[in-house]
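# Understanding the architecture of this molecule
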There are 2 protein chains.
Amino acid sequence: MSTSTALTVPTRFVEVDNSRFAYRRWGKPGGFPLVFMNYFTGNLDDWDPMVTDGFAADFDVILFNNAGVGSSGGETPGTVSEMTRDALAFCDALGLKEFNVVGFSLGGMIAQQLALDQPNRVKRILLLGTGPRGGEGMTFTELSADERADPDQFLLGAFFSPTGASQAAGRAYLKRLAARTRDRDRPVSTRTAEAQLHAIREWGAVPPSDRYATLQKIKHPTLVVHGIKDIVVQPINAFTLAEHLPNAQLIMYPDSSHGAQYQHAELFLKHATLFLSA
Amino acid sequence: MSTSTALTVPTRFVEVDNSRFAYRRWGKPGGFPLVFMNYFTGNLDDWDPMVTDGFAADFDVILFNNAGVGSSGGETPGTVSEMTRDALAFCDALGLKEFNVVGFSLGGMIAQQLALDQPNRVKRILLLGTGPRGGEGMTFTELSADERADPDQFLLGAFFSPTGASQAAGRAYLKRLAARTRDRDRPVSTRTAEAQLHAIREWGAVPPSDRYATLQKIKHPTLVVHGIKDIVVQPINAFTLAEHLPNAQLIMYPDSSHGAQYQHAELFLKHATLFLSA
């Protein structure tokens, strides 16, 4: 076992084309790489240490900021397909030939595109709180001034349901996120957030025909995980993914919103490990 | 461990009101009771031995035929609520004070009604390939002469998807069902099948208002399992159950129809055991 944990692993940088990507890598030595792609405005500090350390027991865990995000250099492009190109450049720079992908929300859109663009390099896919291209109600609005003013309150409202149990899980999650005190990441800039929002909206535009046809081409074993009360990405999108992907398992957790995998972290880790080790 | 298995456990009978229920009971001595309720025309031999023996490692497994089904005496009533009354009479006769329920298809409807009628006796619920009262497209037609003529072919068509992998899993399932050679159950009569069909249709009738309101009252931890290509009970019904039940986990398996839990028996057992032991 590596002695690093989510709280202690140093942020490192890899150079690509006069720019650099920030990443953190730890876990089982010689383990199969598991590359994590984060949500709108999420940076390296926004992965739940309980979840990433859980995966690190079995896998070579790699968190990274895509171009322009947090402490990564470069510009954040305005489409998922360009973000996918950048994510691949990062994987190339690390010399990752084959890997599994965990994509959460926007990261799940990139994971789908990556599987389409490089079907042989991606082995297994975990799609968390995300939707297909042209999914239902995926026309996100900008964060309001209120939402930007209090990020913790925003996360409690968007990632957790209004019940006492879910809100308590949310506060525990926020505490876990805050536990890393040194070498924290830089916040995501407004400029990057705007480009990400553009990319999500472009992904969410309903095509004039064959709405979900491309999903048939993603033949990878896929695990779709969603909160049954997700107010950010409607739960029906997870159902649609499972319906149209040829080899997808669907798991939905009760009383949970966009952060379902953090609210139910222990069970999620067991489910994900069963899936990844199949 | 008891030395019985699904293949060797004798069929027993318990008397209730001048009639008798047929059942098979084996598993972990002192284990928590897990009562199985079967599908339209299913009898004691139609539970997959791989699945029931898997549960028997941890639970007191109880398969039974409801009134009028297979080798049970009595008349099969024409509504789910009357079937639920009969199922309770059976549980009372065995002296089961508290138990978990596994309900498959029609059995899942009875399981829901049981949880509504006796909330304190049912602890955890597994709903397999079933739907809520007033669900989507739950207006089943009678089996055709062709379907009745070749039950194996009917099961391969209804319980498994058309892919090679699913059909192969179907043939393995049929082989497992046939492995018990002695003390087999009696087939379900046409009269019972007609009453069951009537009950399913009554359950499936869409109410004029508050379509899924009763689901809110089933607060039990529930695991909903469904095949994403179920052609018997549309998959959206499983999604609806998870959406409206306050404490339900949803798991859907790829490339599978009404027999999803048998096609993916090994994984299903792991998922169900995680759920039941939580």
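Residues numbered from 1 in each chain as written. Chains lettered and ligands numbered in written order. Predicted model: local features only at pLDDT ≥ 70, side-chain atom pairs only at ≥ 80, totals over all residues. Heavy atoms only, no water.

## Considerations on the overall build of chain A
- Looking only at helices and strands, chain A features 10 helices and eight strands.
- At 17 Å, chain A has a C-alpha radius of gyration in line with the 19 Å of a compact globule built from 278 residues.
- Viewed in the frame of its principal axes, chain A has a C-alpha envelope of about 45 × 45 × 40 Å.
- For chain A, the proportion of its 278 residues judged to be buried stands at 59%.
- Within chain A, residue pairs in contact and separated by at least 24 positions form 75% of the contacts whose partners lie at least 6 positions apart.
- When the accessible surface of chain A is totalled, it reaches about 11,200 Å², and 52% of it is carbon and sulfur.
- Charged side chains of chain A number 26 positive and 29 negative; the gap between the two group centres comes to 5 Å. (Helix = DSSP H or I, 4+ residues; strand = E, 2+ residues; numbered from the N terminus. Rg over C-alpha atoms; globule rule 2.2 N^0.38 Å. Buried < 20%, exposed > 50% of the residue type's maximum accessible area, 1.4 Å probe, protein only. Contact = heavy atoms within 4.5 Å. Areas by Shrake-Rupley, 256 points an atom, 1.4 Å probe, with all protein chains shown as cover. Lys, Arg positive; Asp, Glu negative; His and termini not counted. Charge placed at Lys NZ, Arg CZ, Asp CG, Glu CD.)

## Side note on the packing of aromatic side chains
- Evaluated as defined, the whole model comprises 29 aromatic pairs over all chains.
- Their ring planes at 75° and their centres at 5.6 Å tell us that Phe104 of chain A and Phe159 of chain A sit as a pair that is edge-to-face. Taken together, the residues Phe104 of chain A in strand E5 (residues 99-104) and Phe159 of chain A in helix H5 (residues 151-159) connect sequence positions 55 residues apart. Residues Phe104 of chain A and Phe159 of chain A agree in their burial class; the two are buried.
- Between the aromatic rings of Tyr39 of chain B and Phe159 of chain B, the centroid separation amounts to 5.1 Å while the plane-to-plane angle is 65°, which identifies the pairing as edge-to-face. (Phe/Tyr/Trp six-rings, centres within 6.5 Å; stacked < 30°, edge-to-face > 60°.)

## Side note on helix H7 (residues 190-204) of chain B
- Its 15 residues place the ends of H7 of chain B 21 Å apart at the C-alpha level, agreeing with the 21 Å of an ideal helix rising 1.5 Å per residue.
- Residues of H7 of chain B that are buried sit in contact with helix H2 (80-93) and helix H3 (106-117) of chain B. (Expected span 1.5 Å × (residues − 1).)

## Overview of the packing of helix H5 (residues 151-159) of chain B against helix H6 (residues 164-178) of chain B
Residue and element names in this part refer to chain B.
- Running from amino to carboxyl end, H5 crosses H6 at an angle of 135°, the nearest separation of the two axes being 10 Å. Classified by the angle between their axes, H5 and H6 sit oblique to one another. As for the relative orientation of H5 and H6, their crossing is right-handed in sense. Contact with H5, carried on its side by Asp152, Leu155, Leu156 and Phe159, involves Gln167, Gly170, Arg171, Tyr173, Leu174 and Leu177 of H6 and no other residues of that element.
- By residue class, the composition of the contact of H5 with H6 is six nonpolar, two polar and two charged. (Axes fitted to C-alpha atoms, helices over the stretch in contact; angles between N-to-C directions. Parallel < 35°, antiparallel > 145°, perpendicular 65-115°, else oblique. Left-handed = near helix turned anticlockwise from the far one by under 90°. Nonpolar A, V, L, I, M, F, W, Y, C, P; charged D, E, K, R; others polar.)

## Focus: the environment of Gly74 of chain A
- Turning to its location among the elements, Gly74 of chain A is positioned in the loop between strand E4 (60-64) and helix H2 (80-93).
- Residues in contact with Gly74 of chain A, not counting those within four places in the same chain, are Ser19 and Gly68 of chain A.

## Observations concerning the pairing of strand E8 (residues 248-253) of chain A
- Among the six residues that make up E8 of chain A, six are buried, leaving the element largely enclosed by the rest of the structure.
- Here E8 of chain A shows no split at all, with Ala248, Leu250 and Met252 of chain A on one side and Gln249, Ile251 and Tyr253 of chain A on the other all buried.
- In the sheet, E8 of chain A pairs with strand E8 (residues 248-253) of chain B via three bridges, with the strands oriented antiparallel. When the sheet's bridge partners are listed, Leu250 of chain A is paired in E8 of chain B with Met252 of chain B. (Pairing = 2+ DSSP bridges.)

## Some words on the pairing of E5 of chain A
Residue and element names in this part refer to chain A.
- Among the six residues of E5, six are classified as buried, and the element is accordingly described as predominantly covered.
- Along E5, one buried face is formed by Phe99, Val101 and Gly103 and the opposite face, lined by Asn100, Val102 and Phe104, is buried too.
- Pairing of strand E3 (residues 33-37) with E5, which is carried by four bridges, proceeds in the parallel orientation. Along E5, the bridge assignment pairs Leu34 with Asn100.
- Of the crossover connections in this fold, the one passing from E5 over helix H3 (residues 106-117) to the parallel strand E6 (residues 122-128) is right-handed. (Right-handed = clockwise from strand over helix to strand, strands pointing away.)

## Some thoughts on the relation of the copies chain A and chain B
- For the pair chain A and chain B, the relating rotation is 180°, the translation along its axis is 0.0 Å, and the fit reaches an RMSD of 0.0 Å. Read as a symmetry element, the transformation amounts to a two-fold axis. Scanning chain A for the C-alpha nearest the rotation axis identifies Ile251 of chain A, at a separation of 2.3 Å.
- When the interface residues of chain A are mapped onto chain B, 100% of them are again interface residues, pointing to one common binding face. (Least-squares fit on C-alpha atoms with pLDDT ≥ 70 in both.)

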